[in-house]
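Commentary on secondary and tertiary structure
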Amino acid sequence: FFCFFLGCMNRSEPNWFSQQPQSDEYWFGIGIVEKKLINGECRESARNLALSEISSQISVDISGSFERIIIENNLSLSDFSKSITKIHIDKNLPKVEYVEYFDSKNKCGMLARLSQATYYESIALQRKNAIQISIGLLEQAESKFNFQSFSFLNDAMVEIIPYMDVPIEVEYPAGSKEFINLPRYLKVLTNKYLNRLEIIPKDKNIEIKKGFSKNIELIARVVDKQSENFMNGIPVSCKMHDKLFEDISDEGGECFFPLSIMMANNSIYHVNYSIDKNKLLKRLELFGNLSEVQNQTMIKIKPLLVNMDIIENNLGQVTLNPYVSPVISEFFLKNFAAIFVNENDADILINGTINTRAISDEPNEYGIYQVFADLTISISHGQSDKEILKKSFNKIQGSDFNSNYEAANQSLKKMSEKIIQDFLPEILESI
């Protein structure tokens, strides 16, 4: 038994380990695996290598046929050939024969082969079925023009793409005795359908006050130029400034995009709408160069007209060097390009009163003068007087070793910092 076992362990490797079998009738694949280099099942690893070698031979065989198609579609020849080969191999795996498996102490190997005649017969049958499915999808696409037409055309192209190494000339419609090149027909029809779509903005020109973009929606409608019907289910992209918004048209053909971004200092903005072809066609790259469907809304940004009336009382005296008013003025200039006007002309009104109050005329036991500041401030619409935002800040303490006046200045300074931190950000959210 020991001698028999030892003989099996050391039996010589078959010839195909070192020499590839040659035949005009088969593609051969050899997978040889060093056991020390793998963790899994040696047989399975060898099998996969053998299949990969068969695939590479078929890939070389089909690459030349596909080159013209690849150039037309601006695709990668290598990637496309690998993809198509994988489809063909996957569909023909049951027809691969595993001729011999060799196993020794250090390595294992698998010899596989695929009959070229069987392979091409199988591909021809698969090609015939794919063409029939593709024509069925084409008929559905042409039966009624809607958003599903593009899905049907996409799927029709996907069905036949693995078999385009041979020109696909078919009679269409059936019984018409008229013949079309099916891939080219699908491309032309897709482009024709795309050109039927039109994006119509609700407003071609809009004027808005800088910053007053909250709750404003831009609306664009997708229509069929030929029938003038609204088109639902069409993906539309909207680019504003550096942001991209997406929506799908509803039953009325409308898409809605929020104008909720802070505008830059440009006086003119262009909002660009376009049909999102990548979402309309899942395999857009198969259709070559298609038309762009676009439109635009121009937004004119007008400066915000502001009236500000903030009274700062420092220990009962109106201060000549205010702390809070300059902070708010700078904020509105920076974020809204504000122009400060009288009350009657203003878009928004800012009203506030600040008072400081000393605890005592004398310093406390530590020699510190203490003063507190209180502020009530509100922002409202100029035309309607409707309140936008209102805030109160109380008992903001200021301290100084020299006087109540300097302590009051400290409290006003802290109040301005509180405004920056807790009030101004809320203005952006509210407006």
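Rules and cut-offs
- Residues numbered from 1 in each chain as written.
- Predicted model: local features only at pLDDT ≥ 70, side-chain atom pairs only at ≥ 80, totals over all residues.
- Heavy atoms only, no water.
- Helix = DSSP H or I, 4+ residues; strand = E, 2+ residues; numbered from the N terminus.
- Buried < 20%, exposed > 50% of the residue type's maximum accessible area, 1.4 Å probe, protein only.
- Areas by Shrake-Rupley, 256 points an atom, 1.4 Å probe, with all protein chains shown as cover.
- Pairing = 2+ DSSP bridges.
- Axes fitted to C-alpha atoms, helices over the stretch in contact; angles between N-to-C directions.
- Contact = heavy atoms within 4.5 Å.
- Polar contact = N/O pair within 3.5 Å; in protein donor to acceptor, adjacent residues only side chain to side chain.
- Core = buried A, V, L, I, M, F, W, Y, C linked by side-chain atoms within 4.5 Å.
- Disulfide = S-S within 2.5 Å.
- Phe/Tyr/Trp six-rings, centres within 6.5 Å; stacked < 30°, edge-to-face > 60°.
- Salt bridge = Lys/Arg side-chain N within 4 Å of Asp/Glu carboxyl O.

1. Focus: the overall build of the protein chain
When its secondary structure is counted, the protein chain shows 10 helices and 19 strands. Per-residue burial for the protein chain yields a buried fraction of 43% across its 431 residues. Approximately 23800 Å² of the protein chain is accessible, and the part contributed by carbon and sulfur atoms is 48%.

2. So, the sheet that holds strand S3 (residues 107-115)
Strand order across the open sheet formed by three strands is S1-S3-S2, with antiparallel pairing between neighbours. Of all the strands in the sheet, the pair left with one neighbour each is strand S1 (26-34) and strand S2 (97-103). Strand-to-strand twist in this sheet, taken as the mean axis angle between neighbours without regard to direction, amounts to 10°. Strands in contact with helix H4 (residues 116-143) are S1 and S3; relative to S3, the strand with the most contacts, it is inclined by about 60°.

3. Quick look at the side chain of Arg-196
Take Arg-196: it is sitting in helix H6 (residues 182-196). For Arg-196, a relative accessible area of 13% gives the class buried. Reaching out from Arg-196, the side chain makes a polar contact with the side chain of Asp-224 at a distance of 2.6 Å. Filtering out sequence-adjacent residues up to four positions away, Arg-196 remains in contact with Phe-145, Val-223, Asp-224, Lys-225 and Gln-226.

4. What to know about the nonpolar core
The tendency in soluble globular proteins is for nonpolar side chains to be buried as a group. Membership of the largest hydrophobic core comes to 53 residues, with the highest contact counts inside it found for Leu-182, Leu-197, Leu-218, Phe-257, Tyr-273, Ile-275 and Ile-299. At six residues, helix H5 (residues 147-160) tops the list of elements feeding residues into this core. Once you skip the residues sitting within four places of it in the chain, Phe-257 turns out to touch Ile-216, Glu-217, Leu-218, Val-236, Cys-238, Met-240, Phe-245, Glu-246, Asp-247 and Tyr-273. Counting 29 residues, the second largest nonpolar core, distinct from the first, contains Val-324, Ile-354, Met-415 and Ile-427.

5. Some words on the state of the cysteines
Each disulfide consists of one covalent bond between the sulfur atoms belonging to two cysteines. For the structure shown, the criterion picks out one disulfide. Two residues, Cys-42 and Cys-108, share a disulfide whose sulfurs are 1.9 Å apart. Since a negative S-S torsion denotes a left-handed disulfide, the Cys-42-Cys-108 link at about -100° is left-handed. Placement of the pair is Cys-42 in helix H2 (residues 42-73) and Cys-108 in strand S3, with a sequence separation of 66 residues. A residue is classified by how much of its surface remains accessible, and Cys-42, at 9% relative accessible area, is buried. With no disulfide of its own, Cys-255 has Cys-238 as its nearest cysteine by sulfur position, at a separation of 9.4 Å.

6. Regarding the environment of Ser-56
Take Ser-56: it is sitting in helix H2. Along the backbone, Ser-56 and Gly-29 are 27 residues apart, and their C-alpha atoms lie at a distance of 9.3 Å. Only 2.7 Å separates the side chain of Ser-56 from the backbone oxygen of Glu-53, close enough to count as a polar contact.

7. Focus: the packing of aromatic side chains
Two measures describe an aromatic ring pair: the distance that separates the ring centres and the angle between the ring planes. Applying the stated criterion to the full structure yields 14 aromatic pairs. Taken together, a centroid distance of 6.0 Å and an interplanar angle of 70° make the contact between Phe-331 and Phe-336 edge-to-face. Given a relative accessible area of 10%, Phe-331 falls into the buried group. For Phe-336, a relative accessible area of 0% puts it in the buried group.

8. Remarks on the pattern of salt bridges
A side chain of one charge can pair with a side chain of the opposite charge when the charged atoms of the two come close. This model, assessed by the stated rule, comprises 16 salt bridges. Put simply, Lys-418 and Asp-422 hold a salt bridge, and the shortest N to O gap is 2.9 Å. One end of the pair, Lys-418, and the other, Asp-422, are both in helix H9 (residues 404-422), four residues apart, so they sit about a helical turn from each other. Linked by salt bridges that have partners in common, Glu-13, Glu-34 and Lys-107 make up one network.

9. Section: the sheet that holds strand S11 (residues 254-258)
Read from one edge of the open sheet, three strands run S6-S8-S11, paired in antiparallel fashion. The sheet is open, and its two borders are formed by strand S6 (197-201) and S11, each paired with just one other strand. Averaged over all pairs of adjacent strands, the angle between strand axes in this sheet comes to 25°, irrespective of strand direction. By the bridge criterion, five bridges tie S6 to strand S8 (residues 217-224) in an arrangement that is antiparallel. Looking across to S8, one finds that Ile-200 is bridged to Arg-221. Set on the sheet, H6 makes contact with S6 and S8; between it and S6 the angle comes to about 20°.

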